[in-house]
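Observations on chain architecture
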Amino acid sequence: QVQLVESGGGLVQAGGSLRLSCTASGITFSTYTMGWYRQAPGKQRELVATISAAGSTNYADSVKGRFTISSDNAKNTVYLQMNSLKPEDTAVYYCNAWRRAYYMPDDYWGRGTQVTVSS
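So, here's what we can say about the structure. Fair warning: this is a prediction, and the values are worked out from it, not measured in the lab. (Residues numbered from 1 in each chain as written. Predicted model: local features only at pLDDT ≥ 70, side-chain atom pairs only at ≥ 80, totals over all residues. Heavy atoms only, no water.)

This paragraph deals with the sheet that holds strand S7 (residues 67–72). Strand order in the open sheet made by the 4 strands is S1-S3-S8-S7, with antiparallel pairing throughout. With partners counted over all chains shown, the strands left at the sheet margins are strand S1 (3–7) and S7, one partner each. Direction aside, the axes of adjacent strands within the sheet are offset by 15° on average. (Pairing = 2+ DSSP bridges. Helix = DSSP H or I, 4+ residues; strand = E, 2+ residues; numbered from the N terminus. Axes fitted to C-alpha atoms, helices over the stretch in contact; angles between N-to-C directions.)

To continue, consider a nonpolar patch on the surface. Taken together, the side chains of Tyr102, Tyr103 and Met104 define a hydrophobic patch exposed on the protein surface, amounting to about 530 Å² of accessible area. Along the chain, the position of tyrosine 102 falls in the loop between strand S9 (91–99) and strand S10 (106–109). (Patch = residues over 30% accessible without salt bridge, like charges linked within 9 Å, V, L, I, M, F, W, Y side chains within 5 Å. Areas by Shrake-Rupley, 256 points an atom, 1.4 Å probe, with all protein chains shown as cover. Salt bridge = Lys/Arg side-chain N within 4 Å of Asp/Glu carboxyl O.)

One non-glycine residue, asparagine 76, lies in positive phi territory at about 50°. With a phi close to 50°, serine 84 is a non-glycine residue in the positive phi region. On the secondary structure map, serine 84 appears in the loop between strand S8 (77–82) and S9.

On to the pattern of salt bridges, then. Opposite charge on two side chains makes pairing possible when the charged atoms of those side chains draw close. One pass over the full model with this rule turns up 5 salt bridges. The salt bridge partner of arginine 38 is glutamate 46, with a shortest N-O separation of 2.7 Å. Of the residues examined, arginine 38 reaches a relative accessible area of 5% and is grouped as buried. Among the salt bridges present, the one from arginine 38 reaches aspartate 89, with a minimum N-O distance of 2.9 Å. Linking arginine 38 in strand S4 (residues 33–39) with aspartate 89 in the loop between S8 and S9, this pair joins segments that are 51 residues apart in sequence. There is no split in this pair, since arginine 38 and aspartate 89 are both buried. Via salt bridges that share partners, Arg38, Glu46, Arg66 and Asp89 belong to a single interconnected network. (Buried < 20%, exposed > 50% of the residue type's maximum accessible area, 1.4 Å probe, protein only.)

This next bit is on the packing of aromatic side chains. Within the structure shown, the criterion is met by 3 aromatic pairs. Taking 6.3 Å as the distance between ring centres and 45° as the angle between the ring planes, the aromatic pair formed by tyrosine 32 and tyrosine 108 counts as tilted. Taken together, the residues tyrosine 32 in the loop between strand S3 (18–25) and S4 and tyrosine 108 in strand S10 connect sequence positions 76 residues apart. For the pair tyrosine 37 and tryptophan 109, a centre-to-centre distance of 5.0 Å together with 65° between the ring planes defines the contact as edge-to-face. In this pair, tyrosine 37 is assigned in strand S4 and tryptophan 109 in strand S10, connecting sequence segments 72 residues apart. Under the relative-accessibility criterion, tryptophan 109 is labelled partly exposed at 34%. (Phe/Tyr/Trp six-rings, centres within 6.5 Å; stacked < 30°, edge-to-face > 60°.)

Time to look at the nonpolar core. Soluble globular proteins tend to bury their nonpolar side chains together. If you look at the biggest cluster of nonpolar residues, it comprises 30 residues, and the most contacted ones within it are Met34, Trp36, Val78, Leu80, Met82 and Tyr93. Secondary-structure elements contributing two or more residues to this core are S3, S4, strand S5 (46–51), S7, S8, S9 and strand S11 (113–118). Ignoring anything within four residues of it in the chain, the contact list for methionine 82 reads Gly16, Ser17, Leu18, Leu20, Arg66, Phe67, Tyr93 and Val115. (Core = buried A, V, L, I, M, F, W, Y, C linked by side-chain atoms within 4.5 Å. Contact = heavy atoms within 4.5 Å.)

Right, here's the structure in full:
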């Protein structure tokens, strides 16, 4: 059974920092592209950052220079370091594991962790 468990969310003032973690079980972690997505109230879920199995990273323009994604294959964990947080970063943050497969991609989601940035 695949599980992605996020942690590290919370309430922080604008300009502050948070570090999100997502620990995966039930998958061969090192073969997946891991990602962080977020969904604010009334908005669609959007990509925040991804890190491929090869270690390549990709960021949404809105978080470049402020957020850093990293992973630790030994711990089956992906991290999102969020600095210089803004009120518009307020959202539920979801962890995703994705890899190409023969018929359909293997695509798994965590339940999310709330991040609230006060002004």
